[in-house]
Amino acid sequence: QVQLVESGGGSVHPGESLRLSCVASFGIFYINDMGWYRETPGKQRELVAKFAPDGATKYADSVKGRFTISRDNAENTMDLQMTNLKPEDTAVYYCNTGFWNTASQTYRRYWGQGTHVTVSS
């Protein structure tokens, strides 16, 4: 029932842009723990951008100034605007959130299926 679906990935050239979108099957208005991660073969999944508890944003140093995270609580979406893409940005990007699950009485993390981003000349 709890689902996150990413979209917007694709293949682009260096310097181009992409906008990733994550749609949640639930209301995100009260959820603070949301962000984007990425993963490449042989490398651990890493944080790309996220929202801080106060609504401020945090970015990995490698993407700061190029990526912008945003959310639309009314639409239950979270986006990642990526500009000036570089080959090292090539990865599978995942939408992530976490919240208390009342059914299991545990804090659970939820991941989307991932969307592929390839940046090459």
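Every value quoted in this text rests on a predicted model; they were computed, and no experiment measured them.

**Looking at the pairing of strand 5 (residues 46-51)**
Taken together, the four bridges between strand 4 (residues 34-39) and strand 5 define a ladder with antiparallel strand orientation. Each bridged residue has a counterpart across the sheet, and for Tyr-37 the counterpart in strand 5 is Leu-47. The antiparallel hairpin formed by strand 4 and strand 5 contains six residues in its connecting segment, where Gly-42 sits at a positive phi of about 80°. Pairing analysis gives three bridges linking strand 5 to strand 6 (residues 57-59), with the strands arranged antiparallel. When the bridges of strand 6 are listed, Phe-51 appears paired with Thr-57. Connecting strand 5 to the antiparallel partner strand 6 that follows it, the hairpin turn spans five residues, and Gly-55 within it adopts a positive phi of roughly 95°.

**Quick notes on the nonpolar core**
Nonpolar side chains tend to gather and get buried jointly when the protein is soluble and globular. Core analysis: the largest hydrophobic core is formed by 30 residues, its most contacted members being Trp-36, Phe-67, Leu-80, Met-82 and Tyr-93. Those elements that place two or more of their residues in this core are strand 3 (18-24), strand 4, strand 5, strand 7 (67-72), strand 8 (77-82), strand 9 (91-101) and strand 11 (115-119). Filtering out sequence-adjacent residues up to four positions away, Met-82 remains in contact with Glu-16, Ser-17, Leu-18, Leu-20, Arg-66, Phe-67, Tyr-93 and Val-117.

Rules of the game
Residues numbered from 1 in each chain as written. Predicted model: local features only at pLDDT ≥ 70, side-chain atom pairs only at ≥ 80, totals over all residues. Heavy atoms only, no water. Pairing = 2+ DSSP bridges. Helix = DSSP H or I, 4+ residues; strand = E, 2+ residues; numbered from the N terminus. Core = buried A, V, L, I, M, F, W, Y, C linked by side-chain atoms within 4.5 Å. Buried < 20%, exposed > 50% of the residue type's maximum accessible area, 1.4 Å probe, protein only. Contact = heavy atoms within 4.5 Å.

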